[in-house]
Amino acid sequence: MNSLEQAEDLKAFERRLTEYVSCLQPATGRWRIILIVVSVCTATGAWNWLIDPETQKVSFFTSLWNHPFFTISCVTLIGLFFAGIHKRVVAPSIIAARCRTVLAEYNMSCDDVSSFMYDKKQAVEVNVCSLLIKYISLTACGMHIFQHHTP
C-alpha cells in the first residue's frame with residue numbers, strides 16, 4: 001500500500017471517527033440533562049426528608065413512605081447508575097482517550113472531537129489496519145464505530 005492510499009485510509013478513518021463522536025453528542029447531552037434533573041430532585045427530596053421532624057420519630061421505612069418524592073427520585077438515581085448513565089455522559093471522552101492511546105504509538109493524537117494531530121518531528125509510517133485493530137481492541141463497544149449510527 002503506497003503512502004497516498006495510506007493517507008486516504010487514515011483520512012477516512014478520521015472522518016468516520018469524527019462522525020461517530022459527533023453522533024454521540026446529542027445523546028450524551030440528553031443523558032447529562034437527565035442525570036442533573038434526577039440528582040437535583042434527589043438532593044431536594046433528601047433535604048426535605050432530613051429537615052422533617054417526623055423523620056427522627058418514626059422508623060426508617062416509615063419515613064421513606066412519608067416522603068415518596070425522595071424515595072422515587074433516589075431509586076431512579078440508583079437505577080440510572082446501574083443502567084450505566086455514568087458511562088453514557090462521558091462516552092465521547094472515553095472514545096477520544098482510547099483513540100489517543102492507540103495514536104500515541106504513531107506519534108499522533110486527537111482532540112475531543114477526534115480530529116487527528118500529527119507530530120511532524122517524528123513521522124512514523126502509519127499502517128491503518130494495525131491502527132484499526134488496536135483501536136477496536138481498546139474499545140468496549142467494538143464494531144459500533146463501523147456500523148451506521150443514527151442519533
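Just so it is clear, the structure is predicted and the values come from calculations on it, not from any experiment.

Rules used in this analysis
- Residues numbered from 1 in each chain as written.
- Predicted model: local features only at pLDDT ≥ 70, side-chain atom pairs only at ≥ 80, totals over all residues.
- Heavy atoms only, no water.
- Helix = DSSP H or I, 4+ residues; strand = E, 2+ residues; numbered from the N terminus.
- Buried < 20%, exposed > 50% of the residue type's maximum accessible area, 1.4 Å probe, protein only.
- Areas by Shrake-Rupley, 256 points an atom, 1.4 Å probe, with all protein chains shown as cover.
- Salt bridge = Lys/Arg side-chain N within 4 Å of Asp/Glu carboxyl O.
- Phe/Tyr/Trp six-rings, centres within 6.5 Å; stacked < 30°, edge-to-face > 60°.
- Expected span 1.5 Å × (residues − 1).
- Contact = heavy atoms within 4.5 Å.
- Axes fitted to C-alpha atoms, helices over the stretch in contact; angles between N-to-C directions.
- Left-handed = near helix turned anticlockwise from the far one by under 90°.
- Nonpolar A, V, L, I, M, F, W, Y, C, P; charged D, E, K, R; others polar.
- Polar contact = N/O pair within 3.5 Å; in protein donor to acceptor, adjacent residues only side chain to side chain.
- UniProt positions renumbered as here; feature names shortened; annotations may be inferred.

Caption draft 1: Quick look at the overall build of the protein. Along its length, the protein carries 7 helices and 2 strands. Going from N to C terminus, the protein has its helices and strands arranged as α-α-α-α-α-α-β-β-α. Across the 151 residues in the protein, those meeting the buried criterion constitute 31%. Entry remark: accessible area of the protein is about 9,600 Å², with carbon and sulfur atoms responsible for 66%.

Caption draft 2: Highlighting the pattern of salt bridges. Tallying each qualifying case throughout the model produces 1 salt bridge. With a closest N to O distance of 3.0 Å, Glu-19 and Arg-16 form a salt bridge. With a gap of 3 residues between them, Glu-19 and Arg-16 both fall in helix α1 (residues 3-51), about one helical turn apart. Of the residues examined, Glu-19 reaches a relative accessible area of 37% and is grouped as partly exposed. The class for Arg-16 is buried, based on a relative accessible area of 16%.

Caption draft 3: Quick peek at the packing of aromatic side chains. The tally for this structure, following the rule as stated, stands at 3 aromatic pairs. With a centroid separation of 4.9 Å and an interplanar angle of 15°, the aromatic rings of Trp-49 and Phe-70 are classed as stacked. Taken together, the positions of Trp-49 in helix α1 and Phe-70 in helix α4 (residues 68-82) put the pair 21 residues apart, joining distant regions of the chain. Given a relative accessible area of 14%, Trp-49 falls into the buried group.

Caption draft 4: Structural context of α4. Look at α4: 21 Å from first C-alpha to last across 15 residues, which is about the 21 Å you get at 1.5 Å a residue. For α4, the secondary structure elements touched by its buried residues are α1, α3 (60-66) and α5 (85-88). Phi for Gly-84, located one or two positions after α4, is positive at around 95°.

Caption draft 5: The packing of α1 against α4, seen in detail. Packing of α1 against α4 brings their axes to within 8 Å, and their N-to-C directions diverge by 145°. Handedness of the crossing formed by α1 with α4: left-handed. Across the interface between the two elements, Trp-31, Ile-34, Leu-35, Val-38, Ser-39, Cys-41, Thr-42, Thr-44, Gly-45, Ala-46 and Trp-49 of α1 pack against Phe-69, Phe-70, Ser-73, Cys-74, Thr-76, Leu-77, Leu-80 and Phe-81 of α4. Looking at the contact of α1 with α4 residue by residue, the classes come out as 13 nonpolar, 6 polar and no charged.

Caption draft 6: Representation of the side chain of His-67 in the model. Take His-67: it is sitting in the loop between α3 and α4. His-67 sits in the buried class, given a relative accessible area of 13%. Side-chain polar atoms of His-67 contact the backbone oxygen of Ser-63, separated by 2.9 Å. Non-local contacts of His-67, meaning those with residues more than four positions away in its chain, are made with Asn-48, Trp-49, Asp-52 and Thr-55.

Caption draft 7: Quick look at the UniProt feature "transmembrane region" (unreviewed entry) in the protein. The sites that UniProt annotates as "transmembrane region" (unreviewed entry) are residues 33-51 and 63-85. Annotated as 100% helix and 0% strand, the span residues 33-51 places its first and last C-alpha atoms 27 Å apart. Between the end C-alpha atoms of residues 63-85 the distance is 28 Å, and the span holds 87% helix and 0% strand.

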